[in-house]
Amino acid sequence: MEFREIAVIGLGYIGLPTAIMFANSGLKVVGYEIRKEVVEKINAGKAHISEPEINTLLNRAIKSGNLRATPNPAEIKGKDAYIICVQTPLKAGGSPDLSYLEDAVDTVAMSMRKGSLVVIESTVPPMTTIRMAERIERIIGMKAGRDFYMVHAPERVMPGRIFKELVYNSRIFGGITPESAELAEELYRAFVRGRVFKTSSTVSEVVKLMENTFRDVNIALANEFAFLAHQYGVNVFEAIELANTHPRVRIHTPGIGVGGHCLPKDPHLLLWPAKEDFGLIKLAREINDSMPLFTKDLLFSALRELNVPPEKAVVAVLGLAYKGNSDDTRNSPALAFVEAIKDDVAEVRTYDPFVGGTAGNIEGALNGADAVVIATDHSVFKEINWGEVGRLMRTRILVDGRHVVERPPRGFLFKGIGRGDL
Ligand SMILES: NC(=O)c1ccc[n+]([C@@H]2O[C@H](COP(=O)([O-])OP(=O)(O)OC[C@H]3O[C@@H](n4cnc5c(N)ncnc54)[C@H](O)[C@@H]3O)[C@@H](O)[C@H]2O)c1
């Protein structure tokens, strides 16, 4: 099939860059998005997410006439392909919230034509693509694999490198039939230069979830090593560096916790349809979720050591984003840390150069503070002159949740996750 006109459903961190790439590769793309303010911004050539090169590439796509966004489902009728990129978060109780996906699938079902290819890029629990194909069959009475094609095409891009990784990452296309996966390869070859692997939709769903679960469990292991290192008086970062000289060992990095849209929820999506599991994945989630509280313990033991009553302490938190040099605060452990201490101290001030915060700048955050806690590894925090900012503080306590400070600055009581030798 030759793909000429496609629709991308959901123009967020994944959908917008994907729509831009297809449009700049010569396809006619309509982006369907339920948030009207996002649609307006995109059509005016302004991206609502921050990502290197995005505004230049978006403007090129809009000016060429190949991309436009709409909140009107009537404008996505009869397309050759539909690419669904909506969010798949957890509900408050921890179960997957597939309502965005189901709404998107319903919209696609009412819009598609015979022979359309439906792609789910969203990360979903195992067997969801098959269930969504059956949903479409029920709504419009067409037969999946014969009258329309369906594929799970998980996204592996890393924010900050999205436009490079969209092109060069290898891709998995999991079809509900082999022909569905073939068609997906044909479509994505418009810009994908990486290797392509074709499989079934359920394998593809499991692959994506295993990738993020692997990272989450390994970070939990590193966090457990950090916890033990405190008890043995060992700097875990030195120990990890040495252990990683082993040719078959690659220990991850411990820290204040795991955030972002994906890593904290994907292990739950993997477990969701299972009747039984061994418990390792859940335990890893619990360990990672407990790290903001471990950071709180480090802070409070430092306050006690210097006889500062916590209820009188002014605490400055540097960093709110879940990862360095990003403005993304989704599930950020920095926010969990602020939440964990806010009722137990006199004042919490926050500063993040990418997000904002309650203090306008670093001096405002540290002026008269008793403790500073580094919660995000933004590069600029590595450049801080601690001698200078320390002079602004009332008590000099520095807690490093992200291994930003290599050498504890003089004149500070320093505590860092895994820095048990200090
Ligand atoms: N962000 C990442 O780095 C990343 C990486 C890999 C995979 N993923 C997965 O990709 C999916 C999307 O993630 P994201 O970060 O782009 O989410 P996002 O929240 O940034 O974007 C989703 C967009 O879809 C829109 N939307 C919701 N329901 C809709 C509907 N029924 N019709 C039209 N639009 C609708 C929302 O308004 C939003 O703009 C998730 O499943 C996520 O797990 C994300």
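Residues numbered from 1 in each chain as written. Predicted model: local features only at pLDDT ≥ 70, side-chain atom pairs only at ≥ 80, totals over all residues. Heavy atoms only, no water.

Asks: Would you mind showing me how to read the sheet that holds strand β2 (residues 28-32) here?
Replies: Two modes of strand pairing occur in sheets, parallel and antiparallel, and in both the strands are linked by backbone hydrogen bonds. Taken in spatial order, the eight strands make up an open sheet running β3-β2-β1-β4-β5-β6-β7-β8, and their pairing is mixed. Of all strands in the sheet, those bounded by a partner on one side alone are β3 (67-70) and β8 (196-200). Averaged over all pairs of adjacent strands, the angle between strand axes in this sheet comes to 25°, irrespective of strand direction. Relative to β2, strand β1 (residues 5-9) runs parallel, the two being bridged by five bridges. Following the sheet pairing, Val8 is matched in β2 by Gly31. (Pairing = 2+ DSSP bridges. Helix = DSSP H or I, 4+ residues; strand = E, 2+ residues; numbered from the N terminus. Axes fitted to C-alpha atoms, helices over the stretch in contact; angles between N-to-C directions.)

Asks: Can you walk me through the domain arrangement of the protein in this structure?
Replies: Each assigned domain of the protein is listed with its residue range as follows: domain 1 (5-194), domain 2 (209-282) and domain 3 (290-416). Once you take the C-alpha centre of each, domain 2 and domain 3 turn out to be 23 Å apart. Contact with domain 2, which involves twelve residues of that partner, is made by 15 residues of domain 3. When the two sides are added together, the surface that domain 2 and domain 3 hide from each other amounts to roughly 1300 Å², 67% of it contributed by carbon and sulfur. By the criterion of area lost to domain 3, the three top residues of domain 2 are His230, Ile256 and Gly260, representing 48% of everything that side buries. (Domains from an automatic or database assignment. Contact = heavy atoms within 4.5 Å. Buried area = accessible area lost by both parts, 1.4 Å probe.)

Asks: Teacher, can you tell me more about unusual backbone geometry here?
Replies: A negative phi angle is the norm for most residues apart from glycine, just as the trans form is the norm for most peptide bonds. Phi at Met127 is positive, roughly 80°, even though this residue is not glycine. Summarising the element assignment, Met127 is placed in the loop between β5 (117-120) and α5 (128-140). Looking at Met127, the relative accessible area reads 42%, which means it is partly exposed. Located in the positive-phi region is His403, a residue other than glycine, with phi close to 50°. Here His403 is to be found in the loop between β12 (397-400) and β13 (413-416). Residue class for His403 comes out partly exposed when judged on its relative accessible area of 22%. (Buried < 20%, exposed > 50% of the residue type's maximum accessible area, 1.4 Å probe, protein only.)

Asks: Would you explain the packing of aromatic side chains in this entry?
Replies: For any pair of aromatic rings, the description consists of the separation of the ring centres together with the inter-plane angle of the planes. Applying the stated criterion across every chain yields a total of six aromatic pairs. Pairing Phe22 with Tyr188 gives two aromatic rings, centres 5.3 Å apart and planes at 70°, and the pair type is edge-to-face. In this pair, Phe22 is assigned in helix α1 (residues 15-24) and Tyr188 in helix α7 (residues 178-188), connecting sequence segments 166 residues apart. In this structure, Phe22 and Tyr188 share a single accessibility class: buried. Within the aromatic cluster, the residues linked to one another by ring pairs are Phe22, Phe173, Tyr188 and Phe191. Lying over the aromatic face of Phe300, Lys296 brings its terminal NZ or CZ to 5.4 Å of the ring centre. (Phe/Tyr/Trp six-rings, centres within 6.5 Å; stacked < 30°, edge-to-face > 60°. Lys NZ or Arg CZ within 6 Å of the ring centre and 35° of its normal.)

Asks: Any chance you could explain the nonpolar core here in plain terms?
Replies: A general tendency of soluble globular proteins is for nonpolar side chains to be buried together. Leu117, Leu187 and Tyr188 are the most contacted members of the largest nonpolar core, which has 46 residues in total. The contact partners of Tyr188, leaving out residues within four places of it in the chain, are Phe22, Ile83, Val119, Glu121, Ala153, Arg171 and Phe173. Ranked by size, the runner-up nonpolar core spans 32 residues in total, among them Ala226, Ile240, Val345 and Val348. (Core = buried A, V, L, I, M, F, W, Y, C linked by side-chain atoms within 4.5 Å.)

Asks: Sorry if this is basic, but what is going on with a negative patch on the surface here?
Replies: Where like charges cluster on the molecular surface, the negative patch consists of Glu238, Glu241, Glu406 and Asp421. Inspection of the secondary structure assignment puts Glu406 in the loop between β12 and β13. (Patch = residues over 30% accessible without salt bridge, like charges linked within 9 Å, V, L, I, M, F, W, Y side chains within 5 Å. Areas by Shrake-Rupley, 256 points an atom, 1.4 Å probe, with all protein chains shown as cover. Salt bridge = Lys/Arg side-chain N within 4 Å of Asp/Glu carboxyl O. Lys, Arg positive; Asp, Glu negative; His and termini not counted. Charge placed at Lys NZ, Arg CZ, Asp CG, Glu CD.)

Asks: Could you clarify how one ought to interpret helix α3 (residues 54-63) in this entry?
Replies: It helps to recall that an α-helix has 3.6 residues per turn; residues three or four apart then point in one direction. Within α3 the residues assigned to the buried category are Ile54, Leu57, Leu58, Ala61 and Ile62. The buried residues of α3 occupy an angular sector of 135° when projected down its axis, which confines them to one face. Across from the buried face of α3, at angles greater than 90 degrees, the exposed residues are Thr56 and Lys63. Among the structural elements, α1, α2 (36-43), β3 and α6 (162-168) are those in contact with the buried residues of α3. Downstream of α3 by one or two residues, Gly65 has phi in the positive range, about 85°. (Arc of directions from axis to C-beta.)

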